[in-house]
Structures are given as structure tokens and as C-alpha cells.
Amino acid sequence: MSEPTRITHWIDGKPFGAVADRSGVVRDPATGAMSGRVDFATSEVVDEAVAAAKIAFGEWRHASLARRSQALFNFRELLNARKGELAAIITAEQGKTLADALGEVSRGQEVVEFACGIPHLLKGGYSEGVSTKVDVYSIRQPLGVVGIISPFNFPAMVPMWFFPIAIAAGNTVIVKPSEKDPSASNWIAELWAEAGLPPGVFNVLHGDKVAVDALLDHPDVKSVSFVGSTAIAKYVYERGTSAGKRIQALGGAKNHMVVLPDANLELAADAAVNAGFGAAGERCMAISALVAVGDVADELVSMIAERVATLRTGDGRRGCDMGPLVTAEHRDKVVSYIEAGVAAGATLVVDGRAVQPDGEPGGYWLGPTLFDNVTTDMTVYSDEIFGPVLSVIRVDTYAEALQMVNDHPYGNGTAIFTNDGGAARRFQNEVEVGMVGINVPIPVPMAYYSFGGWKSSLFGDSHAHGMEGVHFFTRGKVVTSRWLDPSQGGLNLGFPQNS
Ligand code: NAD
């Protein structure tokens, strides 16, 4: 067996030298084998990273739009050519299948492509002659050093929701990835160096609460973008805003899929399986509650069960449909929810605990699990499980389904399946959720729209990427100017170009 790799911080364009006092174990979820040991930052190391990023900001904020967008284009080209390497790293530490990991990278790449257009995105307004010979115009400027704290389930895509726009807008960045799958961020840091980004503009700090708290408290960190569970998101929002920072903290989810009686049940069953069990349910946009309206439930449940029987759970490198869960502890926690569902009286239609995986015995296996006759007082319904467990709840009417979605504390994503345009339109208007799919089960918005939930799924008022991302990473300034005797001159016969 090969030696575990040491995974350390990336500060000021290079790996950090000193060995940490505290570190964490990184494992391959498909085998259970230890693959690496990741350094945990102390607050002193956080200070060093912030100091490097602050120095880099002094120059980067003045880099021309042409230069900044060129760095983004270079990064995009390298990423596009080598994304297979990144996908392999994700699968080895997070466990999702290679195909799914590639999909994650591609969705992140879309934000890089969006940020390549930063010269257009940062254009301000100009009003000539608001008063006699007085003009007013608006500009947007970068914040400074910005922090990004990400969860285990999307080690590449979630940081990419934020850093392309932050960097393109002239900020310098510190990413604190999940300690469970830290290597993707280091690979990305090396790619940035290759793309010609100056040292100190993109930094990676590894660690746990100590590093997070130090970033939240540091006076030179101007904003924090957090994605993770709701309890930590709330904590990050409260601590960060009391330290005077701009915070966007995206939290957990419990996404409902409402199926109306007129829906195409074959398509709805496909969608429920794909969105319920893709990435082993470890997606913040996974469907975990299927609300069957009217008399569709019996047929739908048997269609879903038939499809689940064809799924292959196993090592993500072997072409399986579904990989392992991220850690043994997380797998055990999900299993405890299945036990609680059975004890509460839900009907266990497919039991993932009995799975025969195509993988090593030490992997953190749990197969797709389907419950029927779930009620809203059961924890399989009320809690975010973040595993391959799909619960079917039966209701009589659209109004009951809507009420159920709106009463749930989470409001990240939801979907309605119907062929009735009027019903779908009513749902999009009435539902209290940030991202809505109409016959689309995982309605993750494109990079040029913004991603974010409502209620306990988001703390702060800025969603990720799109124009909200551009606004989050910049501050507006309005200039009122009068030139009583303007004079500009000089001869230059060259063809005008960017510099
Ligand atoms: P998590 O909250 O455990 O960890 C997220 C980050 O917070 C990690 O970097 C971790 O190191 C750090 N952290 C953990 N404990 C901390 C503490 N006590 N104090 C400060 N920082 C701490 O989340 P996770 O298990 O890595 O990810 C899964 C969660 O993320 C799920 O709840 C999922 O819904 C959510 N998520 C939400 C979205 C979204 O867009 N809303 C997207 C992806 C994941």
C-alpha cells in the first residue's frame, strides 16, 4: 500500500512549509483506506495566509480588466483540458462516481466561463449632464481578501461558485475546503499558478473550526462565502456579521418533489430515482421527499422500486451508478435514520442496508432506500438525511402538497411534475423555496443566474454566482464630477489596444 500523502496549505503561490501540530485523516470512501493526512491551520497560519492575500490584493486590484480576464481564460483552458484529473481526485476522496465528478467540474467550469466576461459584468452606469457640466457615474470595486468555506459534497464545484467571480472582480481569495476531501483545492491552486495568476491571489487553508473562526474574526478578511449544514451556516453568519463582514451562508436542504395526478409517471419515476440517489443523495439539491398527490402513489412507488432494483452501488471508478457515502460515521448516521423510519411505522419498500456493493468490503456502503407512507412527524421526513433515502408522502390535494413544502423549515430546491401549465405556474408563484423545477428534478441554475435557497437554507441576502455573485464580491461607488477646464492631449498614431 502506498504511503498516505501529506496535504498542506497553499499560501502565496506555494505549499506551506512547516508541519502542523494538528491534522486530519483523509480516506478513500470506496475502500476505507487512509490516503492522506491533512494539516489543520492554527490562527497563526491563518494570519500568514491573510497577510499574503492582503499584499497580493495591493497589486491585483489594479490589474487591468484585460489582464484579469486573461487569467480566467487561461484557467478555463487548463481546467477544460485536464478536468479528468480533478474528477479522479474527487472520486478518490468524496466517493461519487467518476461521471458524476466530471459533471461537478463542468458545472463549476460554467462559473469560470461566466467570470471570463468580467469586463462586461463590471460595467457601471453613466449619466451625462445631471446638472450643468456635471456628470454622474457608478463603478464597482473589489472588497479585498475574501474567504470561501466549502462542504465535502462538492469539493470542486462549490468553491468554483465563488472564486472565479471573486478573483475576476479583483479580490484575493482564501479557500478553506472540507477536511474530508481537501485535495481538489490544492490541485486547483496549482492550476491557477500554471494559468499565470500572481502568488497570493488564490490561497488554500486546510483545517476545522479553528481555521474557520480565525477567518471569521480576522479584520482583514472582508467577506465569507460559506456552504455547509444549516447549524454551521447560521453560526458563521452570526459570528461573521458581528465582526462586520459581508456573509453569504448557504445551509442544508430537504427538497420536495410534488407529483400531480396528470404527470407522466414514467418520467417522474426516472426523475425521482436520478435526483434521489445520484451522488448517493449527498447533494443539497437531491430530492428526498416525494409528495404523491391523489391516486398516483401505488403506481409511482412500484415504478421507482423497479428502477432502483437495476442500480449498481459500488466503487465510483468501476462504472457503477452510485458510490459509497463519504465516511463511516456519515453512513452510520444515515442508517440510524432508516432504523428510525422503520420504528416510526413507515413502509420500507427497498432496504439499502442489504446492498451487495461492487467494491471493497471496507467501503462505506449503503444502497438506495425507499420508504412509502411517510408522515410529516417522522424524522425521515423532517430532517436532512443527506444520503440515499427517498421518502414518499401521500396527500389528497395540490393544496396539501403546497402547504407541506411551505411549512418545511428548509427552502433550497423543489420540483413539480405535471402536464398542467396552470398548476405549474401556480406552484412557481406560491411555493416558498429559492429554486424551483417544473418537470426538472434538480433545478440548479446556470452560472449566469444565481444559486440559493430560502428560509433555513440561506443566511444572508446574496445568492451564489450570477449577478448576485458579482455584487457580493464588489462594492458600489458613485462619482459626481465636474471638469471646468478639461484638457487632454498627446500624440499617438498607434492602433488603440488594451494594456
Ligand atoms: P459542514 O457544515 O459539516 O461543513 C462545512 C464546512 O464547515 C467545512 O469546511 C467544515 O470544515 C466547516 N465546519 C465544520 N464544523 C464546523 C464548526 N463547528 N465550526 C466552524 N466550521 C465548521 O457540512 P458538510 O457535512 O461538509 O456538508 C454537507 C452539508 O452542506 C449539508 O447540510 C448540505 O445540505 C450542505 N450543502 C448546502 C449547499 C447549498 O447550496 N445550500 C450546497 C452543498 C452542501
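- Going by the annotation in an unreviewed UniProt entry, the name recorded for the protein chain is methylmalonate-semialdehyde dehydrogenase (CoA acylating), with freshwater metagenome given as the source organism.

Quick notes on the overall build of the protein chain
(1) Moving on: Looking only at helices and strands, one finds 15 helices and 23 strands in the protein chain.
(2) Moving on: Against the globule reference of 23 Å for 499 residues, the protein chain gives a C-alpha radius of gyration of 24 Å, in line with a compact fold.
(3) Moving on: The C-alpha extent of the protein chain, read off along each of the three principal axes, is 80 × 60 × 45 Å.
(4) Moving on: Sequence-distant contacts, at least 24 apart, represent 72% of the contacts inside the protein chain between residues at least 6 apart.
(5) Moving on: Accessible surface, the protein chain: about 20900 Å² in total, of which carbon and sulfur atoms supply 52%.

Here's the deal with the sheet that holds strand β23 (residues 474-482)
(1) Moving on: Overall, antiparallel pairing links the three strands, which are arranged β6-β7-β23 in an open sheet. Strands at the two margins of the open sheet, each flanked by one partner only, are β6 (126-131) and β23. For this sheet the average axis-to-axis angle between neighbouring strands, irrespective of direction, equals 30 degrees.
(2) Moving on: By the bridge criterion, nine bridges tie strand β7 (residues 134-142) to β23 in an arrangement that is antiparallel. Considered in β23, the bridge of Asp135 is made with Ser481.

Brief notes about a nonpolar patch on the surface
(1) Moving on: On the surface, Met446, Tyr448 and Tyr449 cluster together into a nonpolar patch covering about 350 Å² of accessible area.
(2) Moving on: Tracing the sequence through the fold places Tyr448 in the loop between β20 (435-438) and β21 (454-455).
(3) Moving on: Residue class for Tyr448 comes out exposed when judged on its relative accessible area of 51%.

As for the site of the ligand
(1) Moving on: The immediate surroundings of the ligand are formed by 27 residues, with Lys176, Glu179, Ser229, Gly251 and Glu384 found nearest.
(2) Moving on: The side chain of Glu384 places a nitrogen or oxygen atom 2.5 Å from an oxygen atom of the ligand.
(3) Moving on: Its residues placed into classes, the shell around the ligand shows 14 nonpolar, nine polar and four charged.
(4) Moving on: Taken domain by domain, the shell around the ligand gets at least three of its residues from each of domain 1 (5-251 + 457-479) and domain 2 (255-438).

Let's talk about the packing of aromatic side chains
(1) Moving on: In this structure the tally under the stated criterion is 13 aromatic pairs.
(2) Moving on: Ring geometry for Phe75 against Trp192: centres 4.0 Å apart, planes inclined by 15 degrees, an arrangement best described as stacked. Placement of the pair is Phe75 in helix α2 (residues 65-94) and Trp192 in helix α6 (residues 183-194), with a sequence separation of 117 residues. For the pair Phe75 and Trp192, a shared accessibility class is recorded, and that class is buried.
(3) Moving on: Seen from their ring centres, Phe472 and Phe473 are 5.1 Å apart, and the 90 degrees between their planes marks the pair as edge-to-face. Taken as a pair, Phe472 and Phe473 share a single burial class, namely buried.

Scoring rules and cut-offs
- Here, residues in each chain are numbered from 1, in the same order as that chain's written sequence.
- Local features in this predicted model are restricted to residues whose pLDDT is 70 or higher, and side-chain atom pairs enter the listing and the counts only when it is 80 or higher, whereas totals over whole chains, interfaces and linings include all residues.
- Side-chain metrics rest on all non-hydrogen atoms present in the structure, leaving aside hydrogens and water.
- Secondary structure elements follow DSSP: runs of H or I of four or more residues count as helices, runs of E of two or more count as strands, with numbering from the N terminus.
- Radius of gyration means the value over C-alpha atoms here, while the globule rule gives 2.2 Å times the residue count to the 0.38 power.
- Residues are treated as being in contact if the distance between any of their heavy atoms lies within 4.5 Å.
- Exposure was quantified through the Shrake-Rupley algorithm and a 1.4 Å probe, taking into account, for residues, occlusion by the shown protein chains and nothing else.
- Strands are labelled as partners when DSSP assigns at least two bridges between them.
- The angle between two axes is taken between their N-to-C directions and runs from 0 to 180 degrees, where each axis is a line fitted to C-alpha atoms and a helix contributes only its stretch in contact.
- Residues forming no salt bridge and having over 30% relative accessible area are the ones grouped into patches, like charges within 9 Å of each other and nonpolar side chains (Val, Leu, Ile, Met, Phe, Trp, Tyr) within 5 Å.
- A side-chain nitrogen of Lys or Arg and a carboxyl oxygen of Asp or Glu constitute a salt bridge if their distance falls within 4 Å.
- Exposure is judged per residue with a 1.4 Å probe applied to protein chains only, and the accessible area is read against the type maximum: over 50% gives exposed, under 20% gives buried, and values in between give partly exposed.
- Put simply, a residue is near a molecule or strand once any heavy atom of it comes within 4 Å of that molecule or strand.
- Whenever a nitrogen or oxygen atom comes within 3.5 Å of another N or O atom, the pair is scored as a polar contact, on the condition that within protein one atom can donate a hydrogen and the other can accept it, and that pairs from neighbouring residues in sequence are kept only if both atoms are in side chains.
- In the scheme used here, Gly and all other residues not listed as nonpolar or charged are polar, with Ala, Val, Leu, Ile, Met, Phe, Trp, Tyr, Cys and Pro taken as nonpolar and Asp, Glu, Lys and Arg as charged.
- Residue ranges labeled as domains rest on an automatic or database domain assignment.
- Stacked, edge-to-face and tilted labels apply to pairs of Phe, Tyr and Trp rings (six-membered ring for Trp) whose centres lie within 6.5 Å, assigned for plane angles under 30 degrees, over 60, and everything in between, in that order.

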